[in-house]
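# Structural overview
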Amino acid sequence: MATAPSDPVPSSSPVPLDLHAVPMVALNYGVRRRLGLYLNPRAAVAADWTALAEALGCSFLEIRRLERLPDPTATLLEEWPGRCPGATVGQLLDVLRRLGRDDVLTDLGGSVEEDCKKYLHRKQEEANQPLQVPAVDSSVPKTSELMGITIRDDPYGSGTEIFDAFICYCQKDLQFVQEMIRELEQTEFKLKLCVFDRDVLPGACVWSISGELIERRCRRMVVVVSDDYLESDECDFQTKFALSLSPGARHKRLIPVKYKSMKNEFPSILRFITICDYTNPCTKKWFWMRLAKSLMLP
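Residues numbered from 1 in each chain as written. Predicted model: local features only at pLDDT ≥ 70, side-chain atom pairs only at ≥ 80, totals over all residues. Heavy atoms only, no water.

Going by what an unreviewed UniProt entry lists, the protein chain is known as MYD88 protein and is assigned to Hylia prasina. What UniProt states about the protein chain under its Subcellular location (unreviewed entry) heading is, verbatim, "Cytoplasm". (UniProt positions renumbered as here; feature names shortened; annotations may be inferred.)

Laid out in structure tokens, this is it:
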């Protein structure tokens, strides 16, 4: 007599990504820009950015204000978490689904998931950093600075290196950063810049080091903006972190620098801050002096 086939043993599968647990800050500039390409054009048939704004709780006056901006979608997504603490990527996708924008979900779904995975990976790396505890049998006082993070840190914690500015840049813009070093450090300005590749010791999590330097070791941050900068996860993290320390640029902590022409639009999160434009021939001769004076402010 034939026996019935046994039920297959379920195979282990990866834990599904819960986008409702991922905050909006996880979305990189590239995804936000592509969302704008879909939603910014006013459409008679498909739901555009105004429909999204209404669904996210914007008032009539707020929508009128956004209408005057070149990229209302990007600004809307930046401001939404402030009005709705706890806003997540999953909630945004739910709204787009209700608005019938399946075309957006189909085209950007993979990129959105990739951004969220990278964000969760960074958070996991930070959580996995070993807890530093003081030694109990040493005659040398132990401090949290024992594992110095820059080349001039005192290994015993009695002194840490302080900088005038943290330079946020991507590797392809390093040549301009080297020119910045010559013009600001090796001239009468004598400023002290924190350049990651030159000043930071290897061996620790880059996200933790960046946060420590930006928040506690550097008085300001210079952002070297370029097309390559827009594709850098590290630059994206550093910029958003610095902006979170000075909402609305009230303390002049962040100074954007544009040193060459760009194919992409200037990042929307930096448009409200006055920039130093190296590409403008009318003001180029004052560029380094303006930048230096900004970094020397109290």
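That covers the picture; the talk isn't over yet.
A tally of helices and strands in the protein chain yields 11 helices and 5 strands. Here the protein chain, with 298 residues, has 43% of them falling under the buried criterion. Within the structure as shown, the protein chain displays about 16800 Å² of accessible surface, and the carbon and sulfur contribution to it stands at 55%. (Helix = DSSP H or I, 4+ residues; strand = E, 2+ residues; numbered from the N terminus. Buried < 20%, exposed > 50% of the residue type's maximum accessible area, 1.4 Å probe, protein only. Areas by Shrake-Rupley, 256 points an atom, 1.4 Å probe, with all protein chains shown as cover.)

Notably, Lys190 is not glycine yet its phi reads approximately 50 degrees, a positive angle. Relative to the helices and strands, Lys190 resides in the loop between helix 7 (174–184) and strand 2 (193–194).

A word on the side chain of Glu185. Along the polypeptide, Glu185 turns up in the loop between helix 7 and strand 2. There is a polar contact of 2.8 Å between the side chain of Glu185 and the side chain of Arg198. (Polar contact = N/O pair within 3.5 Å; in protein donor to acceptor, adjacent residues only side chain to side chain.)

For helix 11 (residues 287–295), every residue scored as buried is listed here: Phe287, Trp288, Leu291, Ala292 and Leu295. Looking straight down helix 11, one finds its buried side chains confined to an arc of 120 degrees; they lie on one side. Against the buried residues of helix 11 lie strand 1 (163–168), helix 7, strand 2, strand 3 (218–225), strand 4 (254–258) and strand 5 (276–277). (Arc of directions from axis to C-beta. Contact = heavy atoms within 4.5 Å.)

In this section: the packing of aromatic side chains. In this description, an aromatic ring pair is defined by two values, namely the gap between the centres and the angle between the planes. Counted according to the given criterion, the structure contains 9 aromatic pairs. Pairing Phe237 with Phe241 gives two aromatic rings, centres 5.9 Å apart and planes at 25 degrees, and the pair type is stacked. Highlighted residues: Phe237 and Phe241, both in helix 10 (residues 233–245), separated by 4 residues, approximately one helical turn. Given a relative accessible area of 18%, Phe237 falls into the buried group. Ring pairs connect the aromatic residues Phe176, Tyr259, Tyr278, Phe287 and Trp288, which therefore count as one cluster. In this structure, Lys192 packs its charged tip against the face of Phe163, placed 5.4 Å from the ring centre. Seen from the ring of Tyr278, Lys284 lies directly overhead, with NZ or CZ sitting 4.5 Å from the centre. (Phe/Tyr/Trp six-rings, centres within 6.5 Å; stacked < 30°, edge-to-face > 60°. Lys NZ or Arg CZ within 6 Å of the ring centre and 35° of its normal.)

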